[in-house]
Amino acid sequence: MTPTPRYTERFASLPPGDRRLLNSMAAVALLALAIGIVAGLATALVRGGLLSAIPNTGYRFLTVHGVSIFFYWLFTTQAALLLGFANSERGDGLAWPRLAWVGFALMLAGLGLSMAGSLTGTPLLYNGAPEMAIDKPGDLLLFNLGYLSLALGLMALPACAIVTLLRPRWRGQQARLSALGFALFTWAGFLMVTGFAALYTFAPGVLWALGMGPFPASHGTRWHIVFHNMHYLPLMATVILWYVLMQVLTGVKSVFGERFSKIVFSMYLIFVPPTSLYHMFLEPNLPKAVQIGGSILSLFVSVPTLTAFLIIVASLEVHARAQGAGEKGGGLFGWIRLLPWRHPAMAAMGVAVLSMGLGLVFAFVLIQAQLAPLLSDTFFVPGYFHFFTLGTVSMTLLAALSVMLPAIGGRALWRPELLRWMPWLAFAGLLVFGAAGITAGYLGVPRRVMNVSYQNQAPALWHGLMVTVAIGGAIMAAALSVFAAGIALSLFPARHKLASTVAPPGASLTVSWGGTLVQPGVKAWVGPISIGVIVIAMYAFSAIGFELMQTLPVTATGSRSAH
């Protein structure tokens, strides 16, 4: 069986300049990922006592890790994939290519400035807290200039994607945007808003460092705004990419139709912006009504993600059952075996779905007003957050790159029979890391203290949990490095140009169910059951959290520390 050729063929037929741009952006994104992996592993080893380093060096590792992964890997990759899939909607070439190159140059310059600021002077952590540089404004200047450059790039590149998507309508070649085109348009708009938010957050620090403005005392509140966008935008990108990869790997489109898909993608515009209140739960003077309102609103933030998840799973399930999955005695979950698991992208998506479920469970725990002050400054946060950043978002981005890069360069994906196991190995490490980290958080282990022994006054269990975190982190780092390196090999040109009659790279690893007739009345239960399991687990771990926190001898009063 062969895949739907639409995306692979259109990627291959893009103008050479567009392909060079996409390859260059992917290369820089993978470089940022590599830097972040090394720094993250070093941080975990220091916290576990397996690598000796003074606290300042440990915080420098942590700063480099957060900056390179959370800002440059996630957002450079998003920009590259947004441009790539917007370009492949019709395959006419990228609009405003010069602006796109300028935007990429700004992001590259931002990476250089941010790394220089992170490796020299005071380690400011990834939120660039100006209070830490009050005696050294030059350190803040270099650091914030990197973020401002990134912000400008995040406004330029999505603008090119938007014009590329709308150009066929302006030319009378398209009556309306497709469901994917609409999703990409929404994604681009959110990226531009995030760029504006970053300017709003970090420009005051630059002006203060230059002696042109007051000290940015309100940086914490501004950071909550930009962090909220940068927290949830990658999840929106993840869902959109699942929608695309479902078509690429199986040929399946939504059984609910394009209009319903557009409604779901529009829900991000409704539910995400108002839910930023929960990031302020640590503010000591936050009114009780705002805390309660923030908790209620935060429950809605997962609505579009879970709805899109239901669409994708239901669409795959009914098409798989149409292949005869039910007749083969597979039962409720037997159809899952028919998915193209031999493709590394499918394996990465499987890990992403499982990680999202676990991440949502513990995210619901954290957004409750009663638990947030107790857990937000503990290792619970990195313990659960890596289910999103690594298990869900990074795996999905790598899955999309494993489809786009071979199609652009015509070079088959390196050793897919090996690469398809790397997401599962990374997931195993993530389970170890997450279980130990979340347990440590419940037991009060602080999140930003490199040495948690407190001169041997802390419980012995704390050290054991941090060693376990380091072991899980090492497994994650090794598997993720192999997976990313295998995908990066597709950046190199193919030795032999593929003939037009040859199937695109990865074709033999996919299935083609798009033309299958789905009979009315086919049931799809796995998606709803999954949501039910998530809700039950949410309540269970919330109850566990309340019980454990009541046994601790420490009372949390709140602080102004950022996430």
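From a predicted model like this one, the values you see are computed outputs, not experimental measurements.

The rules behind each value
Residues numbered from 1 in each chain as written. Predicted model: local features only at pLDDT ≥ 70, side-chain atom pairs only at ≥ 80, totals over all residues. Heavy atoms only, no water. Helix = DSSP H or I, 4+ residues; strand = E, 2+ residues; numbered from the N terminus. Expected span 1.5 Å × (residues − 1). Bend = angle between axes of the 7 residues up to and from the residue. Buried < 20%, exposed > 50% of the residue type's maximum accessible area, 1.4 Å probe, protein only. Phe/Tyr/Trp six-rings, centres within 6.5 Å; stacked < 30°, edge-to-face > 60°. Lys NZ or Arg CZ within 6 Å of the ring centre and 35° of its normal.

Observations concerning helix α13 (residues 380-409)
Taking 1.5 Å as the rise per residue, α13 with 30 residues should run 44 Å; its terminal C-alpha atoms sit 42 Å apart, in good agreement. Maximal helix bending in α13 amounts to about 35 degrees, located at S394. The buried count for α13 comes to 29 of 30 residues, which makes it a mostly enclosed element. Immediately downstream of α13, the backbone of G410 shows phi near 75 degrees, a positive value.

What about the packing of aromatic side chains?
Two measures describe an aromatic ring pair: the distance that separates the ring centres and the angle between the ring planes. A complete count under the given rule lists 23 aromatic pairs for this structure. Measuring from ring centre to ring centre gives 5.5 Å for F70 and Y126, while their planes differ by 70 degrees; the resulting arrangement is edge-to-face. Placement of F70 in helix α3 (residues 55-88) and of Y126 in the loop between α4 (97-119) and α5 (137-170) is noted, with a sequence separation of 56 residues between them. For Y126, a relative accessible area of 13% puts it in the buried group. Centroid distance F71 to Y147: 4.2 Å. Interplanar angle 20 degrees. Geometry classified as stacked. Of the two residues, F71 is situated in helix α3 and Y147 in helix α5; the sequence distance between them amounts to 76 residues. Take F71 and Y147: they sit in the same class, and that class is buried. When the ring centre of Y200 is taken as origin, the NZ or CZ atom of R222, which lies over that ring, is 4.0 Å away. Looking at R415, its charged tip hangs above the ring of W414, at a distance of 5.7 Å from the centre.

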